[in-house]
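An overview of the molecular structure
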Amino acid sequence: MPDRLKIPDNLSINDLVEKVKKYSTHKDLDLIWLAYETAKAAHAEQKRVSGAPYIIHPLAAAYILAGMRLDVQLVAAALLHDVPEDTNVTIEEIEKDFGKDIAGMVSGITKLGKLKYRGMERYMENLRKMFVAMAEDVRVMIIKFADRVHNLTTLSALPEDKRYRIALESLEIYAPIANRLGMGEFRGLLEDLSFPYVFPKEYQKVKEIQDRMFTEGETLIEKILTMLRKELKESQVKLIDLHGRRKQLYSFYQKLLRKGWDSDKVYDVIALRVILKDVSDCYATLGIIHKLWRPLKGRIKDYIAQPKPNGYQSLHTTVFYDEGKIVEFQIRTQEMHNDAEFGVAAHWHYDEFGIKQPAKNIRWAEDLAAIQKEVLNNVGDLEQLKIDFFKNRIFVFTPKGDVIDLPEDATPVDFAYHIHTEIGNRCSGVKINDSLASLSTPLKSGDVIEIIIDKNRKTPSQDWIKFVKTHLARNHIKNALKTAEHDSWLKFVLPKRKQRI
Ligand code: MN
């Protein structure tokens, strides 16, 4: 773990407060204290499997988020994240003391529930819940990552089969989601902490290779850094930061697999990061680097002009620095750097000047559909188990922003029955993203659906059966039609009663 996130042995509330102090106000600190006292009192009777007092766990999750300089609302919610699930304190009480925002996050985490490892079906159920929670408030996922990272650091206290299961799930599900959300730092932590439990032998081997390469390269790297510093100064390019970073172990392993274990073909085992004021300085620096060292053909990548799908931006180049020795440079602005480390969480991250980045306009549900597919590709034995529980789901929204998940190609009628039987029976039209549409239109992830109701209508249309996709809708329609038929038959055979006044 990077130093600023490393959890001290005897982690205390003071450690957390010190971290938060670096980027926050006094009022924020009061909130942290209050959340801590509440959680501590609530968990007083509980212990971790390791025997440690339970409060250590939420404290550590909060500490990781504070190490990333994330908003105190998030940090406070992390302190409270296991309270409603495990103790007598309710969400209502949390809302009373901490307000709607924090209570909403805590409730999101509680809905996810404690993950219990009971076979594939349960696993998929968890996954589905996770996507719904994430679509509602992505911060829930950020807290969940911190929760998981701490659990991974204490995995050795658990029995072996559980260790493997948790580590595997982190690798197959959590890490790819973090990646898709652009959260490089969390992805790296989740992967590297899980790696030794899932692939112990490979882990040892990869670690040895990397250590060797790192020792060999270290002094030369220092030389390169000094040379570049000097040259940038002479060209009057203002450097914000320059550091060497070691490739994360699991991602090194993935690359080794792709390159047939030929470590000479992995050029970014150590990469040098150059952080600059603005984009034009980035291009100027690329030129300076190429003037100093000869670039490798086909290794100059402009992810500034053409960002990666997860939004990653940087200039990459690989150069020869010494008799066939090779090193990679990653050149970026501070904002790009924060984005690469924090991804969507960058909006809740405070930089050294106490400034948060504006919210990025991210089309959540659309992204979620893509993330879903990617994650499912990672889950190895899924096909074999033939569970399509989660496959091909879409996420749509009510006008109030509630998330409803439906099977792919579900229609507004499916949506209506999902909300309420009567809404289904009486629906007469629909607005999809504010425009009128036909009731048979296949819905797409991200659509906002507003059902138009005809209050006088009592029965659904026979035609709907032809296009609905869910059993729920189909059954409701059939039942309603049957009842209606029965009623009209009754009307026919029974004489009309006089209405009483
Ligand atoms: Mn937890």
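Residues numbered from 1 in each chain as written. Predicted model: local features only at pLDDT ≥ 70, side-chain atom pairs only at ≥ 80, totals over all residues. Heavy atoms only, no water.

Each helix and strand counted, the protein has 20 helices and 11 strands in total. A burial count over the protein gives 49% of its 501 residues as buried. For the protein, long-range pairs separated by at least 24 residues make up 67% of all intrachain contacts whose partners lie at least 6 apart in sequence. Of the roughly 25,800 Å² of accessible surface on the protein, a fraction of 50% belongs to carbon and sulfur atoms. (Helix = DSSP H or I, 4+ residues; strand = E, 2+ residues; numbered from the N terminus. Buried < 20%, exposed > 50% of the residue type's maximum accessible area, 1.4 Å probe, protein only. Contact = heavy atoms within 4.5 Å. Areas by Shrake-Rupley, 256 points an atom, 1.4 Å probe, with all protein chains shown as cover.)

Attention now goes to the pairing of strand S9 (residues 427-432). The sheet contact formed by S9 and strand S11 (residues 449-453) spans 5 bridges and is antiparallel. Paired with Lys 431 across the bridge in S11 is Glu 450. Bridge count for S9 against strand S10 (residues 435-437) is 3 bridges, and the pairing is antiparallel. Bridge pairing in S10 places Ile 432 opposite Ser 435. A loop of 2 residues connects S9 with S10, the two strands running antiparallel in sequence, and Asn 433 in this loop sits at a positive phi of about 50°. (Pairing = 2+ DSSP bridges.)

With that out of the way, let us pick up the packing of aromatic side chains. Summed over all chains, the structure comprises 12 aromatic pairs. Look at Trp 33 and Tyr 36: their rings are 6.3 Å apart centre to centre, the planes differ by 80°, and that puts the pair in the edge-to-face class. Placement of both Trp 33 and Tyr 36 in helix H2 (residues 26-42) is noted, with a separation of 3 residues, approximately one turn of the helix. The class for Tyr 36 is buried, based on a relative accessible area of 9%. A network of ring pairs unites the aromatic residues Phe 195, Phe 199, Tyr 203, Tyr 250, Tyr 253 and Trp 261 as a single cluster. If you follow Arg 246 out to its NZ or CZ, it ends over the ring of Phe 214, 4.3 Å from the centre. Sitting over the ring of Tyr 312, Lys 308 keeps its end group 5.1 Å from the ring centre. (Phe/Tyr/Trp six-rings, centres within 6.5 Å; stacked < 30°, edge-to-face > 60°. Lys NZ or Arg CZ within 6 Å of the ring centre and 35° of its normal.)

The next subject is the packing of H2 against helix H4 (residues 72-79). Two quantities define a packed helix pair, namely the angle between the helix axes and the distance between the axes. In contact at an axis separation of 8 Å, H2 and H4 are set at 10° when each is read in the N-to-C sense. The angle between H2 and H4 falls in the class roughly parallel. In this structure, H2 uses Asp 28, Leu 31, Ile 32, Ala 35, Tyr 36 and Ala 39 to contact H4, whose residues at the interface are Val 72, Gln 73, Val 75, Ala 76 and Leu 79. Here the residues of the contact of H2 with H4 sort into 9 nonpolar, 1 polar and 1 charged. (Axes fitted to C-alpha atoms, helices over the stretch in contact; angles between N-to-C directions. Parallel < 35°, antiparallel > 145°, perpendicular 65-115°, else oblique. Nonpolar A, V, L, I, M, F, W, Y, C, P; charged D, E, K, R; others polar.)

The next point concerns helix H3 (residues 56-67). With 12 residues, H3 should cover 16 Å at 1.5 Å per step; its first-to-last C-alpha distance of 16 Å lies within 8% of that length. Here H3 lies mainly inside the structure; 11 of its 12 residues are buried. Along its buried surface, H3 packs onto helix H1 (13-21), H2, H4, helix H8 (138-153) and helix H10 (184-198). Of the residues trailing H3, Arg 69 is marked for its positive phi of about 55°. (Expected span 1.5 Å × (residues − 1).)

Next up on the list: the environment of Arg 229. Tracing the backbone through its elements, the reader meets Arg 229 in helix H11 (residues 200-234). Overall, the relative accessible area of 39% leaves Arg 229 in the partly exposed class. Sequence separation between Arg 229 and Leu 242 is 13 residues, and the spatial gap between their C-alpha atoms is 8.2 Å. Those residues in contact with Arg 229 that lie beyond four places of it in its chain are Leu 239 and Leu 242.

Our focus in this paragraph is helix H12 (residues 249-258). In terms of burial, H12 is a largely internal element, 7 of the 10 residues being buried. Where H12 is concerned, the buried positions are Leu 249, Tyr 250, Ser 251, Phe 252, Tyr 253, Lys 255 and Leu 256. On the buried face of H12, the contacting elements are helix H9 (160-180), H10 and H11. Within two residues after H12, Gly 260 carries a phi angle of roughly 60°, on the positive side.

It is worth spelling out the sheet that holds S10 at this point. Strand pairing within a sheet occurs via backbone hydrogen bonds; the two strands may be parallel or antiparallel. Strand order across the open sheet formed by 3 strands is S10-S9-S11, with antiparallel pairing between neighbours. Each edge of the open sheet carries a strand with a single partner, namely S10 and S11. Recorded for the sheet is a direction-independent mean angle of 35° between the axes of neighbouring strands.

Inspection of the entire model under this criterion finds 19 salt bridges. With its nearest N and O atoms 2.9 Å apart, the salt bridge here joins Arg 148 to Glu 169. Taken together, the positions of Arg 148 in helix H8 and Glu 169 in helix H9 put the pair 21 residues apart, joining distant regions of the chain. Of the two residues, Arg 148 and Glu 169, neither departs from the other in class, the shared state being buried. Between Asp 447 and Lys 444 there is a salt bridge; the shortest N-O distance is 3.9 Å. Looking at Lys 444, the relative accessible area reads 55%, which means it is exposed. When salt bridges with common partners are traced through the structure, they connect Asp 101, Asp 137 and Arg 139 into a single cluster. (Salt bridge = Lys/Arg side-chain N within 4 Å of Asp/Glu carboxyl O.)

Averaged over every residue, the pLDDT of the protein is 85; the share at 70 or more is 86%. Below pLDDT 50 for its whole length, residues 381-390 participates in 20 contacts with residues either more than four positions away or in separate chains. (pLDDT = per-residue confidence, 0-100.)

Okay, unusual backbone geometry next. It is generally the case that most residues other than glycine have a negative phi and that most peptide bonds are trans. We note that Arg 69 has phi near 55°; this positive angle belongs to a residue other than glycine. Considering the arrangement of structural elements, one finds Arg 69 in the loop between H3 and H4. Residue class for Arg 69 comes out partly exposed when judged on its relative accessible area of 21%. Of note in this structure, Asp 409 is not a glycine but carries a positive phi near 70°. If you trace the backbone, Asp 409 turns up in the loop between strand S8 (403-407) and helix H17 (412-419).

Next up on the list: the side chain of Thr 411. The residue Thr 411 is located in the loop between S8 and H17 in this model. With near-sequence residues (within four places) excluded, Thr 411 lies in contact with Leu 439, Ser 440, Thr 441, Leu 443, Phe 467 and Val 468.

All right, on to the environment of Ser 50 then. Summarising the element assignment, Ser 50 is placed in the loop between H2 and H3. At 3.4 Å, the side chain of Ser 50 and the backbone nitrogen of Ala 52 are in polar contact. (Polar contact = N/O pair within 3.5 Å; in protein donor to acceptor, adjacent residues only side chain to side chain.)

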